[in-house]
Amino acid sequence: MDDGSAATAGRRLRDPRYDILFEPVRIGPVTARNRFYQVPHCNGGGYRDPSAAAEMRRVKSEGGWGVIFTEQVEIHHSSEITPFIELRIWDDEDLPALAKMADAMHSHGALAGIELAYSGANGPNLYTREVPLAPSHTPILTFTSDPVQARAMDKQDIRNLRHWHRLAYRRAKRAGYDILCLYGAHGFGIIQHFLSPRTNQRGDEYGGSLENRARLLRELISDARDEVGDSCAIAVRLSLDELAGDAGFSNSQLRDLVAMHADLPDLWDFAHGTWEACSGTSRFKPEAAQEDLIRGLKQLTSKPVVGVGRFTSPDQMVRQVRQGLMDFIGAARPSIADPFLPRKIDEGRIEDIRECIGCNICVTGDMTMSLSRCTQNSSFMEEWRKGWHPERIRPKQSDARVLVVGAGPAGLSAAHKLGLRGYEVALAEATAELGGRVSRESRLPGLNAWARVRDYRQGQIARMANVGVYRDSRLSADDILGFGFSHVAIATGARWRRDGVARHNLLPIAIDPAMPVFTPDDIMAGKLPAGVVAVYDDDHYYMGSVIAELLISKGCKVIFLTPSSRAAEWSFNTLEQAAIQARLLEAGADVRVTRGLASVESGAVTARCTYTGRLERLACDAVVMVTARLPEDGLYLALTERREEWAGHGIQSVKVIGDANAPAAIAWATYAGHRYAEELDAEAMGDALPFRREIARLKD
Ligand SMILES: Cc1cc2nc3c(=O)[nH]c(=O)nc-3n(C[C@H](O)[C@H](O)[C@H](O)COP(=O)(O)O)c2cc1C
Ligand code: SF4
């Protein structure tokens with residue numbers, strides 16, 4: 001395979017400003033080669049796709065991370081948070097998969113970490129059907145409000161829990177892990193449930209005072225030392241603030257705990273108290289958002305400290321270390337978006353960093369129990385399944401010249417990867433600006449970071465002599481036939497519908513032409529309504545709420561209508577739904593849920609209750625339809641109609657990709673572009689699956 005990265009063009013010198021990030025750091029009995037610490041993150045693979053997950057971690061080892069962690073690994077069958085997407089260390093049968101992952105982490109010199117989790121009050125045990133155990137009788141606190149309660153643990157249960165941890169420590173060591181981390185952050189993990197007065201209402205020596213609530217933590221760490229001796233480091237991942245005031249495990253209680261147990265573990269890993277707060281999107285959380293909560297903690301201990309904050313800027317990382325906020329730069333999403341982030345800083349290739357955009361599409365894999373995707377790194381979780389790599393791609397198989405029409409996320413991604421393969425590529429864009437929808441959307445409130453999708457690819461392409469970019473070049477079928485390219489990729493994007501069609505209305509609704517109707521395309525083009533505006537969101541992702549925010553900031557009064565029972569329902573999967581609805585309400589939007597749009601009249605809309613069908617007339621001056629989209633596939637269709645002319649003009653293939661094929665989120669478009677480039681000149685696969693998979697081994 002050809003290393004298409006700039007690394008092959010000659011290793012450049014690291015900027016000495018960043019030397020501090022490459023200092024080795026000791027963690028108990030082991031030493032990390034640098035300060036880059038990939039904190040635990042799930043990937044939708046879990047125990048069902050172990051080789052895919054292992055290969056994903058191998059790429060991070062190659063990319064230079066000092067420490068690489070698993071996702072949460074359930075230690076015992078009496079506690080599982082979801083049926084499929086975590087790893088397990090229930091018995092020896094789990095060890096081959098875990099050992100494969102540890103080997104992959106070690107492959108290029110990283111330390112291998114395993115996060116040991118007992119989900120307790122967060123584990124409904126839907127697969128194992130065991131009765132969940134927790135410090136006190138509590139309903140199961142999952143996202144899905146499962147109709148299950150956890151039973152309060154008695155003393156024997158606590159002894160059992162310690163024993164199960166001992167088994168897990170032994171097995172983790174046998175599987176080859178260097179760091180064992182106990183999980184008690186994000187509201188997940190029984191350690192947090194014991195530490196928090198909200199979930200620990202015990203009257204015995206494990207409840208009440210902070211010292212008592214920390215007893216289990218002390219015992220588990222002491223048992224771990226007993227089991228693994230000096231062979232593995234023992235870390236603990238704790239919540240910075242449960243966000244429930246003093247009723248919960250607050251930041252001040254954490255400070256007291258660390259002061260009381262300063263040198264108990266070999267490493268303290270701090271992460272926010274709810275997952276939504278910790279993995280906040282760029283729309284709601286800036287880089288380094290947890291700084292105030294972590295400041296001062298390192299001064300309470302002599303042990304190394306890890307913190308997180310969607311760190312993609314090396315200058316920001318250096319500041320975190322120099323100001324004594326943390327010893328290790330913890331990263332989940334930045335490591336997903338760019339597994340080679342440490343190596344690029346080391347090699348002085350800052351401009352090659354593919355920065356996370358903070359969209360949380362990666363989280364949606366977890367939330368929907370499917371393999372995770374990444375908007376920026378389309379090879380994420382395809383490293384083993386398809387053999388894709390975030391930096392390398394196989395060289396071109398022919399001297400074919402390729403025309404890519406449209407420089408949105410799909411077109412840019414295709415041109416970039418084709419360029420890496422060595423093809424001669426022309427990227428034609430109808431407008432003066434590259435980026436398509438990501439450029440337009442990045443100008444909407446809170447979506448500024450979307451532009452990184454464009455900026456990274458535009459920057460890479462600009463340095464490729466074999467990729468030509470042609471702006472203001474709206475092409476016709478005649479133009480394309482006349483050019484004589486061997487392959488043509490049509491990536492002309494999509495447009496928002498104006499006729500009310502989406503999920504609630506599969507057919508167009510009655511619209512009085514006297515009523516001004518806008519689409520997100522109009523708004524992004526600067527055409528704004530005024531007065532009272534009904535924003536109808538049957539898209540259910542970010543666009544409706546972002547437009548509502550924009551219109552309110554421009555002085556409109558917004559009635560936000562959605563057929564769903566929550567605003568921006570799908571953004572629950574990106575951990576944003578609650579923040580979006582709160583922002584709409586606080587901004588003064590009149591949020592009306594379970595309301596489909598029945599018709600649009602002059603001066604009013606008629607909404608239909610999705611449960612009762614009851615109609616309600618709402619006076620307004622304009623409507624914004626955030627509904628379905630239609631592919632901009634006119635050029636593609638015109639070319640396919642003239643298929644018999646292709647050969648005469650030297651054209652071997654014309655394909656439509658991304659939103660022009662079928663509109664979806666941006667991650668689907670970057671993936672489509674990457675796929676197009678990977679598959680160009682590849683052997684036809686016939687009926688074979690286009691990816692590898694692992695299927696269950698049958699037992700008697
Ligand atoms: C897709 C995804 C899965 C995650 N899964 C876990 C997990 O299994 N265990 C854990 O402790 N944290 C998990 N996290 C939280 C991260 O470890 C991290 O604390 C958080 O994302 C903030 O760091 P970042 O800004 O570098 O992403 C996950 C985060 C993401 C984005
Ligand atoms: S999916 Fe989005 S948030 Fe997640 S790593 Fe990729 S760019 Fe970052």
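**Considering the sheet that holds strand E25 (residues 595–601)**
Here is step 1 of the chain: The strand order across the open sheet built from four strands is E20-E25-E26-E27, with neighbouring strands paired in mixed fashion. Where the open sheet ends on each side, the last strands, each with one partner, are strand E20 (510–511) and strand E27 (615–619).
Here is step 2 of the chain: Where strand E26 (residues 604–609) lies against E27, five bridges are found, and the strand directions are antiparallel. Looking across to E27, one finds that Val605 is bridged to Leu618.

**Side note on helix H6 (residues 215–228)**
Here is step 1 of the chain: Here H6 spans 20 Å end to end across 14 residues, near enough to the 20 Å set by a 1.5 Å rise per residue.
Here is step 2 of the chain: Residues of H6 that are buried include every one of Leu216, Leu217, Glu219, Leu220, Ile221, Asp223, Ala224, Glu227 and Val228, and no others.
Here is step 3 of the chain: Contacts from the buried residues of H6 go to helix H3 (155–174), strand E10 (179–184), helix H4 (190–195), helix H5 (210–213), strand E11 (233–239) and helix H7 (251–260).

**What about helix H19 (residues 543–553)?**
Here is step 1 of the chain: Among the 11 residues that make up H19, 10 are buried, leaving the element largely enclosed by the rest of the structure.
Here is step 2 of the chain: Among the residues of H19, Met543, Gly544, Ser545, Val546, Ile547, Ala548, Glu549, Leu550, Leu551 and Ile552 are the ones counted as buried.
Here is step 3 of the chain: Positive backbone phi, at 95 degrees, marks Gly555, one or two positions downstream of H19.

**Some thoughts on the sheet that holds strand E9 (residues 149–152)**
Here is step 1 of the chain: Reading across the sheet, the three strands line up as E7-E9-E8 and stay open at both edges, with mixed pairing between neighbours. The open sheet is flanked by strand E7 (133–134) and strand E8 (138–139), the only strands paired with a single partner.
Here is step 2 of the chain: Bridge count for E8 against E9 is two bridges, and the pairing is antiparallel. Among the inter-strand pairings, Pro139 is bridged to a residue of E9, identified as Gln149.

**What about the environment of Val305?**
Here is step 1 of the chain: Position of Val305 among the secondary structure elements: in strand E13 (residues 305–307).
Here is step 2 of the chain: Judged by relative accessible area, which is 0%, Val305 ranks as buried.
Here is step 3 of the chain: In the structure, Val305 is positioned 197 residues away from His108 in sequence and 24 Å away in space, judged by C-alpha atoms.

**Some thoughts on the packing of helix H14 (residues 409–421) against helix H16 (residues 451–462)**
Here is step 1 of the chain: At a minimum axis distance of 10 Å, the contact between H14 and H16 shows a crossing angle of 30 degrees. As summarised for this structure, H14 and H16 are arranged roughly parallel, according to the angle between their axes. Seen along the crossing, H14 lies across H16 with a hand that is left-handed. Here Pro409, Leu412, Ser413, Ala415 and His416 of H14 come into contact with H16, specifically with Val453, Arg454, Tyr456, Arg457, Gln460 and Ile461.
Here is step 2 of the chain: Per-class residue counts for the contact of H14 with H16 are six nonpolar, three polar and two charged.

**With respect to the nonpolar core**
As a rule of thumb, soluble globular proteins bury nonpolar side chains together.
Here is step 1 of the chain: Ranked by internal contacts, the top residues of the largest apolar core, which has 115 residues, are Leu21, Ile27, Ile89, Tyr177, Leu180, Leu257 and Phe270.
Here is step 2 of the chain: With residues up to four places along the chain from it excluded, the contact list for Phe270 reads Leu238, Leu240, Leu254, Val258, Ile294, Leu297, Val305, Val306, Gly307 and Val308.

**Quick look at the site of ligand 2**
Here is step 1 of the chain: Surrounding ligand 2, one finds 14 residues, the nearest of these being Cys356, Cys359, Asn360, Cys362 and Cys374.
Here is step 2 of the chain: Secondary-structure elements contributing two or more residues to the shell around ligand 2 are helix H11 (333–337) and helix H13 (361–367).
Here is step 3 of the chain: Here the shell around ligand 2 takes three residues from H11, the largest share from any one element.
Here is step 4 of the chain: Split into classes, the residues belonging to the shell around ligand 2 amount to eight nonpolar, four polar and two charged.

Procedures and definitions
Residues numbered from 1 in each chain as written. Chains lettered and ligands numbered in written order. Predicted model: local features only at pLDDT ≥ 70, side-chain atom pairs only at ≥ 80, totals over all residues. Heavy atoms only, no water. Pairing = 2+ DSSP bridges. Helix = DSSP H or I, 4+ residues; strand = E, 2+ residues; numbered from the N terminus. Expected span 1.5 Å × (residues − 1). Buried < 20%, exposed > 50% of the residue type's maximum accessible area, 1.4 Å probe, protein only. Contact = heavy atoms within 4.5 Å. Axes fitted to C-alpha atoms, helices over the stretch in contact; angles between N-to-C directions. Parallel < 35°, antiparallel > 145°, perpendicular 65-115°, else oblique. Left-handed = near helix turned anticlockwise from the far one by under 90°. Nonpolar A, V, L, I, M, F, W, Y, C, P; charged D, E, K, R; others polar. Core = buried A, V, L, I, M, F, W, Y, C linked by side-chain atoms within 4.5 Å. Near = heavy atom within 4 Å.

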